[in-house]
Amino acid sequence: MRYGLKKTFLALALTGVLLVANGAASRYLATPANDDVTAADSANAGKASADKKHSDDRPANERSIIDQVVWVVGDEAILKSDVEAMRLQGEMEGMKWNGDPDCVIPEQLAVQKLFLHQAALDSIEVSEAEVTKSVDQQINYWISNAGSREKLEEWKKMTVKQMKESLHDDFKNHQLIERMRSKLVEDIQASPADVRRYFENMPEDSLPLIPTEVEVEIITQAPKVSPDEINKIKNDLRDYTDRVTRGETSFAALARLYSEDPGTARQGGEFDDYVGRGMLDPAFATVAFNLTDPKKISKIVESEFGYHIIQLIDKRGDKIKVRHILRIPKVSQEAITHAENRLDSIANDIRANKFTFEAAASYLSDDKDTKNNNGLMANQSEDGYTSKFRMRDLPREVAAVVDTMKVGQISKSFQMVNSKGKTVCVIAKLVNRVDAHRATITEDFQAMRDIVMARRKADYLKEWIQKKIKTTYIHIDEAYRNCNFEYKGWVK
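Residues numbered from 1 in each chain as written. Predicted model: local features only at pLDDT ≥ 70, side-chain atom pairs only at ≥ 80, totals over all residues. Heavy atoms only, no water.

Here's the deal with the pairing of strand β15 (residues 423-434)
Reasoning step 1: Sheet analysis places strand β6 (residues 213-221) next to β15, joined by 9 bridges and oriented antiparallel. Bridged to Thr220 within β15 is Val426.
Reasoning step 2: The pairing of strand β14 (residues 414-417) with β15 spans 4 bridges and is classified as antiparallel. Looking at the pairing, Phe414 lines up with Val426 of β15. (Pairing = 2+ DSSP bridges. Helix = DSSP H or I, 4+ residues; strand = E, 2+ residues; numbered from the N terminus.)

The structure is reproduced here in C-alpha cells:
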C-alpha cells in the first residue's frame, strides 16, 4: 500500500496513440535488419544481447518475438518487439488503429523519439521521485481493477516488482515527452476575439456539447469505532511485537498471517521499494523515519488507514525501506446506523432553517477535504481546482444520489467509501446543476477557449514535428518504406 496516493488512472496518450507501458521488450536482443545502421544501433544491440539471459522471465507472447531494429530516430532505435508489444497491448485494450498498425505504430513511436531527442537537447529532466510516484499510481490502479495484488500478478504473469521495473523507463519517457510538449506550446494563447471568430460561423449542431455539470456540498460522519475494538487491535499488535522480540517468529511471518494491507502482506509486510517521506501517511512517516535499529519494532502508529507496527529494513539517503503490519478496526452496524441517524437529524434541522448546510459542514463534518470550504466538493483538473463536476467525475455513490435531486435539495443519509478507503456516512446538497447543452460564448467561454487552445497547440506541434523530421537523422527498414505515413519526410 502506498500512503497518501489516490487511485488515479494515468492515461498514456501521446499524439493520439497509446504509449504502452511495456519497457521490458526494448531490453531484449536486437539484431540490425541490414548493414545500414549507426554505431549507436550496434551498441544498443550489444547491450540488449547482454540482457538476453533474462528472457526466460518474459511472458510467452514476448519470448516469441524475434527482434530487429526497424527504425532509427537520431540515436534511438525502435525495435520490432516494441511495435509488436504495442500492437498486442492495443488488441487487449480493444484499440482501433487509424490505418495499418505496421505503419501507424512505428510512426507514433518515432514521433515520441523526436520529442525525447529534443528534451535531451533542451536538458529537460524529471526526478526519480516523479517517476516512482507515477508508476505506483499505475500499479495501484491496476490492483484496484484486478481486485487484489495476487490477481494482478496472475493476470500479468509477473510480480509487482517486475512490473515496476518494466514500467520505469516508459513512464520516465512519457513524462519527458509531456514536459517537452508543454514547453513547446507554453506561449500559445487564445483571446476572447479568437474564440468568437473560431465559432462564429459554426452551425449550431456542430458546436461542442457540454455535458451536465453539478456543484455538490457534503457533510460526513465517520462511524465511531468502539474502544473495545481498538483495544483488541492494539493488544494483538503488542502480542506480535512480543513474539518477534522473544524470537518465537519473524515479523514477516506475522505480516503474512495478520496484516490487512493487501499490497504488502504477501511480501511479509515489505514495501517494494525505498520510499520518501512525502509518499507516506504523515503519522506513519514520522515514526518510520525515526527508526534506527532493524532489530526493533516501532510503537503502535495510528494513521488514516488504521493501526500499524513498523520494522526498519534499510535507509538510503532520504528514503527508507520498511515492513509493517496493518490492522483495520471493524465498524459495527450499530455505529453506522447511529451516524446515519445523526446526519438525518442534522438534515432535518437544516430543512427547518435552524442553521444552514454550509454552517453545519464547517462545524459538524468529519471530511477534512471539504469542511473548510463549507462542504463544497472540489474537482482537481489540469487547470487547477473547480467546484464543477461532470457526473462521471463524482464518487460513484454521490453521483447516484445527486442525479435524482433538485437544486437546493438535501439528500437522506447514505454510505460512501472515501479517498482513504474508509466507509463514511454522508448527506449531500445539490448546489447547482447545468444540464447538457450546446456551448455558448456567454455560458461556456472557458470550455470553448480550451477547444481553441487545444486546436492551436495541436497544429503547432504538427508543424514542429514536420520540421523536426527534416533536421533529424532517420533510418527506416526497407519493409516500412512504402507506408502511407501521417507526416512527410520520414523516408530520406
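A word on unusual backbone geometry
Reasoning step 1: Here Lys157, not a glycine, exhibits a phi torsion of approximately 60°, which is positive.
Reasoning step 2: Following the sequence through the fold, Lys157 ends up in the loop between α6 (149-156) and α7 (160-185).
Reasoning step 3: For Asn353, which is not glycine, the phi torsion reads 65° and is therefore positive.
Reasoning step 4: With respect to the secondary-structure elements, Asn353 resides in the loop between α12 (333-351) and α13 (357-364).

A few points about the pattern of salt bridges
Reasoning step 1: Summed over all chains, the structure comprises 25 salt bridges.
Reasoning step 2: The residue Asp273 makes a salt bridge to Lys164 at a minimum N-O spacing of 3.6 Å. Taken together, the positions of Asp273 in the loop between α10 (251-258) and β7 (275-276) and Lys164 in helix α7 put the pair 109 residues apart, joining distant regions of the chain.
Reasoning step 3: Overall, Asp273 belongs to the partly exposed group, its relative accessible area being 26%.
Reasoning step 4: For Lys164, a relative accessible area of 10% gives the class buried. (Salt bridge = Lys/Arg side-chain N within 4 Å of Asp/Glu carboxyl O. Buried < 20%, exposed > 50% of the residue type's maximum accessible area, 1.4 Å probe, protein only.)

Structural notes on the packing of helix α8 (residues 192-199) against helix α15 (residues 441-471)
Reasoning step 1: The interhelical angle for the contact between α8 and α15, taken along N-to-C directions, is 85°, at an axis separation of 9 Å. As far as their axial angle goes, α15 and α8 are roughly perpendicular. Each of Pro192, Asp194, Val195, Arg196, Tyr198 and Phe199 in α8 lies in contact with α15, whose residues at this interface are Ile441, Phe445, Met448, Arg449, Ile451, Val452, Arg455 and Arg456.
Reasoning step 2: When the residues that make up the contact of α8 with α15 are grouped by side-chain class, the tally is 9 nonpolar, no polar and 5 charged. (Axes fitted to C-alpha atoms, helices over the stretch in contact; angles between N-to-C directions. Parallel < 35°, antiparallel > 145°, perpendicular 65-115°, else oblique. Contact = heavy atoms within 4.5 Å. Nonpolar A, V, L, I, M, F, W, Y, C, P; charged D, E, K, R; others polar.)

Description of the sheet that holds strand β9 (residues 306-316)
Reasoning step 1: Pairing within the open sheet is antiparallel, and its 4 strands lie in the order β7-β10-β9-β8. Every other strand in the sheet has two partners, leaving β7 and β8 (301-303) as the edge strands with one partner each.
Reasoning step 2: Two strands pair when backbone bridges link them, and β9 and strand β10 (residues 319-327) are joined in this way by 9 bridges, in the antiparallel orientation. Across the sheet, residue Asp314 finds its bridge partner in β10, namely Lys321.
Reasoning step 3: Against the sheet, helix α9 (residues 227-245) contacts β9 and β10, and its axis sits at roughly 35° relative to β9.
Reasoning step 4: Strands β9 and β10 of the sheet are contacted by α10, whose axis makes an angle of about 45° with β10.

Quick notes on the packing of aromatic side chains
Reasoning step 1: Enumeration over the complete set of coordinates arrives at 6 aromatic pairs.
Reasoning step 2: Here the aromatic rings of Tyr198 and Phe199 are separated by 4.9 Å at their centres, their planes lie at 75°, and the arrangement is edge-to-face.
Reasoning step 3: A relative accessible area of 30% means that Tyr198 is categorised as partly exposed.
Reasoning step 4: Judged by its relative accessible area of 7%, Phe199 is buried.
Reasoning step 5: Plain terms: the ring middles of Tyr240 and Tyr258 are 4.9 Å apart, the flat faces sit at 15° to each other, and that makes the pair stacked. Of the two residues, Tyr240 sits in helix α9 while Tyr258 sits in helix α10, which places them 18 residues apart along the sequence.
Reasoning step 6: According to the relative accessible area criterion, Tyr258 is partly exposed, its value standing at 34%.
Reasoning step 7: In textbook terms, an aromatic cluster arises when at least three aromatic residues are bridged by ring pairs, as seen for Trp71, Phe485 and Trp490.
Reasoning step 8: In this arrangement the basic side chain of Arg181 is found over the ring face of Phe115, its NZ or CZ atom lying 5.6 Å from the centre. (Phe/Tyr/Trp six-rings, centres within 6.5 Å; stacked < 30°, edge-to-face > 60°. Lys NZ or Arg CZ within 6 Å of the ring centre and 35° of its normal.)

Section: the sheet that holds strand β17 (residues 474-476)
Reasoning step 1: Taking strand neighbours across the sheet as the criterion, the 3 strands line up as β4-β3-β17 in an open arrangement whose pairing is antiparallel. What marks the edges here is a single partner per strand, and that holds for β4 (76-79) and β17. For this sheet, the mean inter-axis angle between neighbouring strands, taken without regard to orientation, is 20°.
Reasoning step 2: Note that strand β3 (residues 69-73) and β4 share 4 bridges and pair antiparallel. Following the sheet pairing, Val73 is matched in β4 by Glu76.
Reasoning step 3: Contacting β3 and β4, helix α3 (residues 80-92) crosses the sheet at an angle of about 55° to β4.

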